[in-house]
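# Coordinate analysis (summary)
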Amino acid sequence: MTGLEQIAAQTKAGQLKPSQVVREALDKAAACEPLNIFTEVLTDSALGQARDLEDRLARGEPVGKLAGVPFCVKDNFLYRGTTTTAAAPFLLDFTAPYTATCLKKILAEDAILLGKTNLDAFAHGTSTENSYFGPTKNPRDPSLTPGGSSGGSAAAVAADICPFALGTDTGGSVRLPASFCGVFGFKPTYGLLSRYGIVAMASSTDCVSPVTRSPADAAYLTRILAGADPLDGTTFDAGPDPVLGRTPKVGVVKEFNTGLQPEVGRAFEAVLDRIKSAGWQVSEVSLPDIGLALACYYVLVSAEVSSNLSRYDGLRYGARGGEGDWEAVVGSSRAGGFMAENKRRIMLGTYVLSQGYYEAYYQQAQKLRTLLIRQFETAFRDVDALLSPVSPTTAFKLGEKTADPLQMYMADLMTVAASLAGIPAASLPLPVSGLPVGLQIMTPQKTDGMNLRLAEEVGKLP
Ligand code: GLN
């Protein structure tokens with residue numbers, strides 16, 4: 001039984017009282033206030049949900065697979081009737097008219113929503129510092145960033161406020177915070193989980209992704225969340241997952257095994273030793289162009305960002321910045337509604353899509369994306385999974401990289417390739433004495449269950 005299943009079972013058996021569980025979680029959330037994890041705590045609705053669940057239990061009615069489990073969502077999920085800010089000035093007064101599919105599925109299983117968590121505005125970022133509400137701090141050491149952009153969700157689980165949280169991962173936004181905060185994060189195959197009701201960042205790589213205490217909990221959640229959604233045309237029903245039935249063969253990504261901070265390098269070598277001692281085959285695998293993935297990602301994602309954010313004009317969407325003619329209204333709205341990083345990406349994206357530069361940047365990046373997908377396919381002919389650290393460094397200091405966007409982008413070096421290839425990628429916390437280090441496990445598309453089983457096995461290796 002997974003941790004989440006256990007909470008639900010104890011709730012059904014009357015051993016856990018939902019209102020008490022929720023009150024304790026809200027108390028922890030209040031005690032963690034200096035970490036700035038939440039954009040909004042939904043105290044009344046959480047307590048209301050708990051009371052409703054208790055009434056149904058008392059009447060002997062059936063309850064869901066997550067009965068009484070408290071959780072949080074990143075504040076870029078729409079939840080009908082509540083504010084969804086995406087941590088940007090544009091949406092501070094935006095009330096969601098409907099609920100995101102994934103959130104609906106979780107709520108239908110009777111999990112209890114505690115609140116909305118902080119993020120980099122519109123999910124653009126790597127440290128949760130680019131938020132209108134100010135940075136979230138890392139529960140392991142408040143002088144450090146929790147990683148981003150789902151920093152609030154990872155911090156909520158790391159601070160033990162709730163056993164799971166939902167985030168989104170477009171280029172690493174769940175894997176990196178999971179790695180920096182020492183919790184488990186999982187980006188599924190693109191399209192396995194519906195994006196409906198998520199504030200769009202880059203539509204071709206956006207993935208709803210859970211943050212949990214263990215791979216088993218993530219597998220439990222993924223089974224609940226997965227499946228075709230008529231409201232998101234890129235979704236599909238998960239078919240049967242390959243079962244290995246032999247000792248796994250894993251490849252170490254050669255290009256990602258250099259330039260590591262010593263603590264990260266040591267933790268990575270130590271887990272490889274344990275894997276080898278368990279009899280797994282370990283080989284070095286080269287993906288020759290993976291070093292270009294970061295440039296490719298920032299061209300393509302900026303292009304998609306510039307298109308997705310064009311709807312925010314103060315007229316159709318978002319807070320109106322001023323009065324006057326069309327240009328004055330749209331100009332002032334966009335000047336005040338976005339954070340600096342959002343504007344940087346809109347400008348970059350508009351540039352790479354503009355006539356005269358389109359072939360040189362956008363089209364080249366698309367070709368490179370195809371090349372990277374092929375290199376992954378070739379690598380997966382010989383190995384079941386590819387391994388690397390999630391990040392070359394442990395969590396960095398708050399403010400350390402804010403003045404230098406390129407340095408910030410470099411933190412995404414190892415996570416973006418899996419996003420471009422649409423493959424599942426896990427971030428498993430490694431046993432370390434110092435700051436958390438995450439192991440990235442990448443497997444072929446539509447092998448999400450296998451990926452999570454491997455993560456569980458690696459986590460249990462002596
Ligand atoms: N850090 C990456 C970026 O800023 C990833 C963001 C994300 O996954 N939402 O683009």
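Please refer to the structure placed before this passage.
This report concerns the structure included in the present document. (Residues numbered from 1 in each chain as written. Predicted model: local features only at pLDDT ≥ 70, side-chain atom pairs only at ≥ 80, totals over all residues. Heavy atoms only, no water.)

## Some words on the overall build of the chain
Within the chain one finds 15 helices and 11 strands. What you see for the chain is a C-alpha radius of gyration of 21 Å, in line with the 23 Å of a compact globule of 462 residues. Along the first, second and third principal axes, the C-alpha set of the chain runs to 65 × 55 × 45 Å. Residue burial in the chain is summarised as follows: out of 462 residues, 59% are buried. Taking all contacts inside the chain whose residues are at least 6 apart in sequence as the whole, residues at least 24 apart take part in 76%. (Helix = DSSP H or I, 4+ residues; strand = E, 2+ residues; numbered from the N terminus. Rg over C-alpha atoms; globule rule 2.2 N^0.38 Å. Buried < 20%, exposed > 50% of the residue type's maximum accessible area, 1.4 Å probe, protein only. Contact = heavy atoms within 4.5 Å.)

## A word on the site of the ligand
The local shell around the ligand holds 15 residues, among which Thr170, Gly171, Ser173, Tyr297 and Arg345 are the closest. Interatomic distance of 2.7 Å between a side-chain N/O atom of serine 173 and a nitrogen atom of the ligand. Protein contact buries 100% of the 290 Å² of open area that the ligand shows by itself. In a pocket analysis with a 2 Å cut-off to the grid points, the ligand is assigned to the largest cavity. (Near = heavy atom within 4 Å. Polar contact = N/O pair within 3.5 Å; in protein donor to acceptor, adjacent residues only side chain to side chain. Areas by Shrake-Rupley, 256 points an atom, 1.4 Å probe, with all protein chains shown as cover. 1 Å grid on protein atoms, 1.4 Å probe; cavity = no way out; pocket = protein on both sides within 12 Å on 5 of 7 lines; lining within 4 Å. Sits in = over half its atoms within 2 Å of the grid points.)

## Concerning the environment of serine 333
With respect to the helices, strands and loops of the structure, serine 333 is situated in helix H10 (residues 326-337). Not counting the four nearest positions on each side in its chain, serine 333 is found in contact with Phe90, Asp313, Gly314, Ala319, Arg320 and Gly321. A polar contact is formed between the side chain of serine 333 and the backbone nitrogen of glycine 321, at a distance of 2.8 Å.

## Let's talk about the pairing of strand S2 (residues 70-74)
With respect to burial, S2 is a largely interior element, 5 of its 5 residues being buried. Alternating positions in S2 separate into two faces, Pro70, Cys72 and Lys74 on one and Phe71 and Val73 on the other, with burial throughout. Relative to strand S3 (residues 112-117), S2 runs parallel, the two sharing 5 bridges. In the strand pairing of S3, proline 70 is matched with isoleucine 112. Note that S2 and strand S4 (residues 164-169) share 3 bridges and pair parallel. (Pairing = 2+ DSSP bridges.)

## Describing the nonpolar core
For soluble globular proteins, the rule of thumb is that nonpolar side chains tend to be buried together. In this structure, Phe122, Phe376, Leu386 and Leu439 are the most contacted members of the largest nonpolar core, which totals 82 residues. Among the elements that make up this core, the one with the highest residue count is helix H9 (residues 293-308) (10 residues). For phenylalanine 122, the contacting residues outside a window of four places in its chain are Ala86, Ala88, Leu91, Val199, Met201, Leu309, Tyr312, Phe338 and Asn342. By size, the runner-up hydrophobic cluster in this structure holds 31 residues, among which are Leu53, Ile112, Leu114 and Val174. (Core = buried A, V, L, I, M, F, W, Y, C linked by side-chain atoms within 4.5 Å.)

## Considering the pattern of salt bridges
Taken as a whole and assessed by the stated rule, the structure comprises 15 salt bridges. With a closest N to O distance of 3.9 Å, lysine 28 and aspartate 160 form a salt bridge. Of this pair, lysine 28 sits in helix H2 (residues 18-31) while aspartate 160 sits in the loop between helix H5 (151-158) and S4, and the two are 132 residues apart along the sequence. Among the residues examined, lysine 28 registers a relative accessible area of 36% and is labelled partly exposed. Judged by relative accessible area, which is 35%, aspartate 160 ranks as partly exposed. A salt bridge links glutamate 341 to arginine 344, with the nearest nitrogen and oxygen atoms 2.3 Å apart. With glutamate 341 and arginine 344 both in helix H11 (residues 340-353), this residue pair falls 3 residues apart, about one helical turn. (Salt bridge = Lys/Arg side-chain N within 4 Å of Asp/Glu carboxyl O.)

## Quick look at helix H12 (residues 359-382)
The end-to-end C-alpha distance of H12 is 34 Å, a good match for the 34 Å that 24 residues give at a rise of 1.5 Å each. When H12 is considered as a whole, its buried residues turn out to be Tyr362, Ala365, Leu368, Arg369, Leu372, Gln375, Phe376, Ala379 and Phe380. (Expected span 1.5 Å × (residues − 1).)

## Describing the packing of H9 against H11
Relative to each other, H9 and H11 sit at 100 degrees, their axes nearing to 7 Å. When the interaxial angle is binned, H9 and H11 end up roughly perpendicular. Contacts between H9 and H11 pair Tyr298, Val299, Val301, Ser302, Ala303, Val305 and Ser306 from the former with Arg345, Ile346, Leu348, Gly349, Thr350, Val352 and Leu353 from the latter. For the contact of H9 with H11, the class distribution of residues is 9 nonpolar, 4 polar and 1 charged. (Axes fitted to C-alpha atoms, helices over the stretch in contact; angles between N-to-C directions. Parallel < 35°, antiparallel > 145°, perpendicular 65-115°, else oblique. Nonpolar A, V, L, I, M, F, W, Y, C, P; charged D, E, K, R; others polar.)

## Concerning the side chain of aspartate 169
One can find aspartate 169 in strand S4. Accessibility expressed as a relative area gives 0% for aspartate 169, which makes it buried. There is a polar contact of 3.4 Å between the side chain of aspartate 169 and the backbone nitrogen of serine 173. Polar side-chain contacts of aspartate 169 include one of 2.9 Å to the side chain of arginine 175. Every residue in contact with aspartate 169, bar those within four places of it in the chain, is listed here: Val174, Arg175, Lys187, Thr205, Asp206, Cys207, Ser209 and Ser419.

## Focus: the layout of surface pockets
For the largest pocket, the calculated volume is near 330 Å³. As for the largest pocket, its lining consists of 17 residues, of which Tyr98, Gly197, Ile198, Ala200 and Arg311 are closest to the centre. Its residues assigned to classes, the lining of the largest pocket comprises 12 nonpolar, 1 polar and 4 charged. Counted as a void, the second largest pocket has a volume near 280 Å³. Together, 16 residues line the second largest pocket, and Thr222, Arg223, Asp241, Asp448 and Gly449 are the ones closest to its centre. Mapped by element, the contributors of at least two residues to the lining of the second largest pocket are helix H7 (215-225) and helix H15 (448-460). Sort the elements by how many residues they give to the lining of the second largest pocket and H15 lands first, with 5 residues. (Points joined across faces, edges and corners; volume = space filled by probe spheres on them.)

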